[in-house]
Amino acid sequence: MLAILAQTPGVPVPMEKLVNWLWDGAEPPGARANLHTYVSRLRARLSSIGDDATIGTLRPGGYVLQADSKDIDLHRFRNLRRQARAIAASGDDERALELLRGAHALVHGRPLADLSSAWADGIRRAIEDELLGATLERVEVELRLGHHTDLVSELRVLVEEHPYNEKLVEHLMKALYRAGRHADALTVYHDASHRLWKELQTQPCPELQELQARILRRDRTLLPVPRARVVVSDPRRTLPDDIRHFTGREEEVRALIEVASPTRPRRPTVIALDGMPGVGKTVLAVHLAHRLAEEYPDGQLYLDLHGLDAEQEATTPAAALDALLRMLGIQGVPPSVEERTALWRAELAGRRVLVVLDNARGREQIQPLLSSAPGCLTLITSRRRLVGLDDVWSHSIDVMSPSDAADLLERAIGPDRASPPGDIAEVVALCGHLPLAIQLVGNRLRHRRAWTSAVLAKRLAARNRRLAEIRAADREITAAFDLSYRGLAPRVRRGFRRLGLHLGADFALHGAAAITGEPPGDADRLIEELLDHHLLTEPMEGRYRFHALVRDYARQRAAGEDSESVRRDAVWCQLDHAVSAALLADRLLHAHGRDLGRDVPPPDPAPFATPAEADAWMTAEYANLLAAAEYAESVGALRHTALLAHALAGYLDAGGHWDRADVLHRRAVEAWRELGEAAGEAQALLDLSGVRFRTGQYGEALDHARASLEIYRSLGDARGEADVLAHRGLILWQRSLYRDALTSSRGALAIRRSLGDRRGEARVLDHIAIFLEFVGRYQEAADRRNTALEIYASIDDPRGLLMSLNNQGDLMLRLGRVDAARGYYEDASRVMPEMSRQHDAIWRNNMARIHLHTGRYDEALTGFRYALLTYRQIGDKRNEIETLIEIGTTYFGMGQHGEALIHFEQALAFSRRISEMFEQAKALRRIGEVLLADERLADADEAFREALKLAGVIGEPYERAKVLEGLGRLHLRRGARHNARRCWRQALRFFERAGMPSESETLRTLLEAV
């Protein structure tokens, strides 16, 4: 009887149904009397265990279990399952998996195992179907998360238990295929097909037949599509170009490809290639990567770790993980190595990505970068054997075979320079069959038309240079470099030595021209000649790089042939160029920003002419600019240090490089201070404040802003003062100090107007409008923003217009003017049809809010989820929280309370993590509304009161009024009509004063009703 009543808690069950179900339609004498006895016993039992549940009696006859559904495992199971579906649809598979596992943990044995009746049998079958359905949903989530290997055993058991469930067969086939067990996947299909025909005389369903066909043709789209926090629409491919005519090592390449093949049982996920310098480790690794690229459609990434780099420090694990994560398109990289490692491995789970880690130093550097994701492959090259790494397949690369070495030399010489095989064999033997040495002497011979291979062999023998001994590798490679270097013209030698002094890992034409002192045309010819001699490589078009050993050699030659002053002057030429070009790029990208480098002449000729070209240049030169900044700081070049930080400020801010920006701006503050240039110090402090603001360190952000403001005021620099006051207003707003934010922004506004700075005036007006909204002064907010819109239109600033139109739409929506809001949003889309990703997400989110207000819930969910994914990709935490609340609100409107609650709880957790009190209050209020609707009055009361306290602390009247409205409904539900009226009157006073007719009318109706 308890099982029957627990199926529908709170819903009466008539006496006739109870009798029919308990006795299978054969009512015995005294059945109804027995029911009363059962009820008495159940009431006593429930009372003895202290349970809040009880059984109520109905008139004319029947009973109801008065209990909270959350205390009944079956209903808790169903709610967790609904929540899992909803949060998975919002892109959070990890949380969905937690919920589904929580649901599974509630299952204890067979449902209604001790009951035997027609009713029990029917309910048992229905519950078992639900349990299997939840298991299928969990398996689908785990497959998306890349857990296919772990699922195989469980799925085999499930298929045995449910042999005719073709969905289970499908999942098992996919899991096996993704684990590289293609034959096993096809065997599962064959067994299922045979079973279905033999026992049911039917064929597999069309979906299963199509899956078999796709496995047979090795369809890569069956590989898991990652649904991680960040979605990358286009896999990144950063491999250097493959050698067009890769020579030799055929058996070695074939063996390595076989080892790395996804079809190989127990295939290694990490392969380490080690060997002597110049043996061709990188060339072989890149060639292998290109050969295997089709097997890894989600990306092929390359990173040089500078493991044994005499000039540049080895890449730290933290920096390497930052670079790799950004290659995958991830913004907002976490600060610690541990968090980055966890994120890197989580992002690779479920993907098929190939990673080449070049020039590794040792285990400590490489260990955090490795992933055991079964669908991925990592190729490592190192001059050292990577002893101490677990689960790594190592391969030592030897010199080339005599025949391969001869082929390489003949290709290097060129098809028009036929040579006797004996002479070729002698040359490659004298080179020790070392690829780098062979390529160098071959190139030399190609450019010496009067030489023959016999002449070359004689010269090599005469010099008695041997390259085969591994322990003598460095000296022998130097001998090979000497041969190439001495074959260069004096001007090319000089350029080679200068380029060797370049501070970055690679360079472009204008950087080469700067450090060599050559015009760009001559520098281009110099680069071409060095490329022909393989003293330079071109990993991507227009970017040039030395092999670390070749660069060491170039620097040794410079130290031996050029004076210290000559070398220092060359590097200073690079520093001057870096500062000049970076300042020019910053001017193009941020035309209305403060320019501290007005006295620095622009580069001539400039490497770029448009903002788009400047942005591309800044991206390509970013590492070199950082290297230049490091060098400038190390040699006490104060002005270079300060100006480089200033020029990079906008780029660092846009890219979210907060750690690096913090270091550079702190150094800039000290440099400007030591130089005695107060204006520069003030700007550097403002830049540093911006970094602390972006990273949520609001207290320090205010401290730096205060110091900057004092300097600007002491200098009488009104524009600088306005910049700081406007920035400080944003910090105070984020700290929910809305009135202080208004005061600071009004000060900025007065100065902007006095200076005639129309663009700055419009931006501050838009900020003031936002702050006025948060204190409930909506008409003033609308007036201020209308003025901002007029200014933006008059000065033709589409970006500013876009932001203000979106913000004005938000205000109209809060006031309940849905059509007006839609108009502003549509105007925004017309102002800038080509929006940035962030602005596009904001606009789509806004249109989804329109759909929500007009009851078009499915369209609203689609828009919100699109925006949510974008916010997660770019690391926009505040908007991510807002969108989670909007998704929850949509579900609440659809009557799906469990799905709503999980999104509100997620938003609350995130907002607490970043100490965002407004969003906490909003999430708590929404949680209270759901709990109230579910009759969980005590929990709702707790949520409402915490939300009310937060709203009072931050002084946000709208949120406070909405919480009071919810508390009033709670009091009414408890029968406290006086308290309900008191709450509603307080809320009504605000809504009437704010001019919000819809909310006001709702509260008047409630007050009249009670």
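Residue positions within a chain follow its written sequence, with the count starting from 1. Owing to the predicted nature of the model, reporting of local features is limited to residues with pLDDT of at least 70; listing and counting of side-chain atom pairs is limited to 80 or more, with chain, interface and lining totals taken over all residues. Hydrogens and water molecules were not included; the side-chain quantities draw on all heavy atoms of the structure.

A. Representation of the overall build of the chain within the structure. Helix and strand definitions follow DSSP, with helices as H or I runs of at least four residues and strands as E runs of at least two, each counted in order from the N terminus. Counting its regular elements, the chain contains 45 helices and twelve strands. Along the three orthogonal principal directions, the C-alpha set of the chain runs to about 120 × 90 × 45 Å. Partly exposed residues are those whose accessible area sits between 20% and 50% of the maximum for their type, while under 20% is buried and over 50% is exposed, using a 1.4 Å probe and protein chains only. Within the chain, the fraction of its 1010 residues that count as buried is 55%. Sequence-distant contacts, at least 24 apart, represent 65% of the contacts inside the chain between residues at least 6 apart. A residue counts as positive if it is Lys or Arg and as negative if it is Asp or Glu; His and the chain ends are not included. Every charge is mapped onto a representative atom, which is NZ of Lys, CZ of Arg, CG of Asp or CD of Glu. Side-chain charges of the chain comprise 137 positive and 144 negative groups, with the mean position of each set lying 2 Å from the other. Contacts are residue-level and defined by heavy atoms, with any inter-residue pair within 4.5 Å sufficient.

B. How the structure looks around unusual backbone geometry. Backbone torsion omega between D604 and P605 reads 0 degrees, so that peptide bond is classified as cis. Unusually for a residue other than glycine, E935 sits at a positive phi of about 65 degrees.

C. Examining the environment of L151 more closely. On the secondary structure map, L151 appears in helix α7 (residues 148-161). Judged by relative accessible area, L151 falls into the buried class, the value being 1%. Along the chain, L151 and L176 lie 25 residues apart, while their C-alpha atoms are 9.0 Å from each other. Setting aside residues up to four positions removed in sequence, L151 forms contacts with R138, V139, E142 and L143.

D. Examining the sheet that holds strand β6 (residues 299-304) more closely. Pairs of strands are assigned from DSSP output, requiring at least two bridges between the strands. Judged by pairing direction, the sheet is parallel, and its six strands sit side by side in the order β4-β6-β7-β8-β5-β9 without closing on themselves. Strands with a single pairing partner mark the edges of an open sheet, and in this sheet they are β4 (236-237) and β9 (393-396). As defined by bridge partners, strand β5 (residues 270-274) adjoins β9 across four bridges and the pair is classed as parallel. Residue pairing in the sheet places I271 in a bridge with W393 of β9.

E. Region of the structure containing the nonpolar core. Ranked by size, the top nonpolar core spans 174 residues in total, and within it F496 and L530 carry the most contacts. If you tally residues by element for this core, the top one is helix α25 (residues 564-589), at ten residues. In this structure, F496 is in contact with Y485, L530, L535, F546, V550, Y553 and A554, ignoring residues within four places of it in sequence. Listed in part, the 43 residues of the second largest apolar core include V253, V259, L430 and L434. The set of buried Ala, Val, Leu, Ile, Met, Phe, Trp, Tyr and Cys residues whose side-chain atoms join them within 4.5 Å is what this entry labels a nonpolar core.

F. Fine view of the packing of aromatic side chains. Only Phe, Tyr and Trp rings take part, Trp by its six-membered ring, and two of them pair if their centres are within 6.5 Å. Stacked means planes under 30 degrees apart, edge-to-face means over 60, and tilted covers everything else. In this structure the tally under the stated criterion is 14 aromatic pairs. Geometrically, the ring pair formed by F496 and F546 is edge-to-face, given 5.8 Å between the ring centres and 75 degrees between the ring planes. You can see F496 sitting in helix α21 (residues 490-500) and its partner F546 sitting in the loop between β12 (543-545) and α24 (548-561), a full 50 residues away along the chain. Judged by its relative accessible area of 8%, F546 is buried. Clustering of aromatic rings is evident, with ring pairs tying together W733, Y738, F771, F774 and F918. Consider the ring centre and the ring normal. A charge sits over the ring if Lys NZ or Arg CZ is within 6 Å of that centre and within 35 degrees of that normal. In this structure, R352 is placed above the aromatic ring of Y296, and the distance from its NZ or CZ to the ring centre is 5.6 Å. Against the face of Y958 rests R814, its NZ or CZ located 4.1 Å from the ring centre.

G. Representation of the packing of helix α4 (residues 73-89) against helix α40 (residues 897-913). Packing of α4 against α40 leaves a shortest axis separation of 8 Å and a crossing angle of 60 degrees. Considered as vectors, α4 and α40 are oriented oblique to each other. As α4 runs across α40, the sense of the crossing is right-handed. Of the residues in α40, those touching α4 at N79, R82, Q83, A86 and I87 are G898, E899, L901, I902 and H903. Here the term charged refers only to Asp, Glu, Lys and Arg, the term nonpolar to Ala, Val, Leu, Ile, Met, Phe, Trp, Tyr, Cys and Pro, and the term polar to all other amino acids, Gly among them. The class makeup of the residues in the contact of α4 with α40 is four nonpolar, four polar and two charged. Comment: axis = line fitted to C-alpha atoms, over the contacting stretch for helices; angle = value between 0 and 180 degrees taken between N-to-C directions. Small angles under 35 degrees read as roughly parallel and large ones over 145 as roughly antiparallel, with 65 to 115 read as roughly perpendicular and the rest as oblique. Two helices crossing with the near one rotated counterclockwise from the far one by less than a right angle form a left-handed crossing, whereas a clockwise rotation gives a right-handed crossing.

H. How the structure looks around helix α18 (residues 435-447). Expected span of a helix: the number of residues minus one, times 1.5 Å. Counted at 1.5 Å a residue, the expected span for α18 with its 13 residues is 18 Å, and the 18 Å between its end C-alpha atoms agrees. All of the buried residues along α18 are P435, L436, A437, I438, Q439, L440, V441, G442, N443, R444 and L445.

I. Representation of the packing of helix α6 (residues 118-144) against helix α8 (residues 166-178) within the structure. Relative to each other, α6 and α8 sit at 20 degrees, their axes nearing to 11 Å. Classified by the interaxial angle, the pair formed by α6 and α8 is roughly parallel. In the packing of α6 onto α8, the handedness of the crossing is left-handed. On α8, the residues that touch L132, L136, V139, E140 and L143 of α6 are K167, L168, H171, A175 and R178.

J. Broad picture of the confidence of the model for the chain. In this model, the chain carries an average pLDDT of 86, and 93% of its residues clear a pLDDT of 70 or more. Here helix α20 (residues 473-486) stands out as the least confident element of the chain, with mean pLDDT 57; helix α32 (residues 738-755) is the most confident, with 95. In this model residues 225-235 is a low-confidence stretch, pLDDT under 50, and it forms 31 contacts with partners more than four residues away in sequence or in other chains. What pLDDT conveys is the predictor's confidence in a given residue, as a value from 0 to 100. In the predicted structure, residues 464-476 sits below a pLDDT of 50 and forms 18 contacts with residues beyond four places in sequence or in another chain.

K. Representation of helix α10 (residues 206-216) in the model. For α10, the set of buried residues is L208, L211 and I215. Here the buried residues of α10 occupy an arc of 55 degrees about the axis, which is enough to place them on one side. Seen from the open side of α10, the exposed residues pointing more than 90 degrees away from its buried face are P206 and L216. Contacts from the buried residues of α10 go to α8 and α9 (182-200). Looking one or two places after α10, you find R218, whose phi comes out positive at around 55 degrees. What the arc covers is the set of directions going from the helix axis to the C-beta atoms.

L. Layout of the side chain of E880. Assignment of secondary structure puts E880 in helix α39 (residues 877-893). A residue is classified by how much of its surface remains accessible, and E880, at 3% relative accessible area, is buried. Those residues within four positions of E880 in sequence are excluded, and the remaining contacts are L868, Y871, R872 and F910.

M. Expanded view of the pattern of salt bridges. What counts as a salt bridge is simple: a side-chain nitrogen of Lys or Arg found within 4 Å of a carboxyl oxygen of Asp or Glu. All chains considered together, the criterion is met by 70 salt bridges. Linking D73 and R76 is a salt bridge whose minimum nitrogen-to-oxygen distance equals 3.3 Å. With D73 and R76 both in helix α4, this residue pair falls three residues apart, about one helical turn. Exposure remark for D73: the relative accessible area of 33% places this residue in the partly exposed category.

N. The environment of W984, seen in detail. Looking at the secondary structure, you find W984 in helix α44 (residues 977-994). The contacts of W984, once residues within four sequence positions are left out, are L964, E965, G968, R969, L972, L1003, L1006, L1007 and V1010.

O. A look at the pairing of strand β7 (residues 354-360). Taken across its seven residues, β7 has seven buried, putting it largely inside the fold. Here β6 pairs with β7 via five bridges, running parallel. Within β7, the position partnered with L301 by the bridge is V355. Of the strand pairs in this sheet, β7 and strand β8 (residues 377-382) are connected by five bridges, and their pairing is parallel. Bridge pairing in β8 places L354 opposite L377.

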